[in-house]
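# Chains, contacts and geometry: an overview
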Amino acid sequence: ATARLLATHLDPTNGIGLIATKRYYFGCGGGVEAFRNASQQQQIIIKDRKYRLDIKNLEVYDNGGGNIRELLRVTLKEVSVT
């Protein structure tokens, strides 16, 4: 749901989404890897151009005593049509 929300509302020229998340959500699924997988399935067409979500890690927070947290930067990237 978050991946689709971002794909729908980010501006392809300069839109940036920031996601702060845990690496794992124990007992309920989800986390960074699940978000990346869902994001790969999201594509959107804007003005006859196809885009997908591009995700980059900005920071990893690991205090050694709990679940690792990550800050992700999400933008739209144009997909080449071949």
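Residues numbered from 1 in each chain as written. Predicted model: local features only at pLDDT ≥ 70, side-chain atom pairs only at ≥ 80, totals over all residues. Heavy atoms only, no water.

### Focus: the sheet that holds strand β1 (residues 17–22)
Consider a sheet: its strands pair through backbone hydrogen bonds, and that pairing is either parallel or antiparallel. Read from one edge to the other, the open sheet built from four strands follows the order β1-β4-β3-β2, with strand pairing classed as antiparallel. With partners counted over all chains shown, the strands left at the sheet margins are β1 and β2 (43–46), one partner each. Shown here is a sheet whose adjacent strand axes are inclined to one another by a mean of 35°, direction ignored. Here strand β3 (residues 49–61) pairs with strand β4 (residues 69–78) via ten bridges, running antiparallel. By the bridge assignment, E59 is partnered in β4 with L71. Strands β1, β3 and β4 of the sheet are contacted by helix α2 (residues 32–40), whose axis makes an angle of about 165° with β3. (Pairing = 2+ DSSP bridges. Helix = DSSP H or I, 4+ residues; strand = E, 2+ residues; numbered from the N terminus. Axes fitted to C-alpha atoms, helices over the stretch in contact; angles between N-to-C directions. Contact = heavy atoms within 4.5 Å.)

### Topic: unusual backbone geometry
For K47, which is not glycine, the phi dihedral falls at a positive 50°. Following the sequence through the fold, K47 ends up in the loop between β2 and β3. Judged by relative accessible area, which is 77%, K47 ranks as exposed. Residue D48 is not a glycine yet carries a positive backbone phi of 65°. (Buried < 20%, exposed > 50% of the residue type's maximum accessible area, 1.4 Å probe, protein only.)

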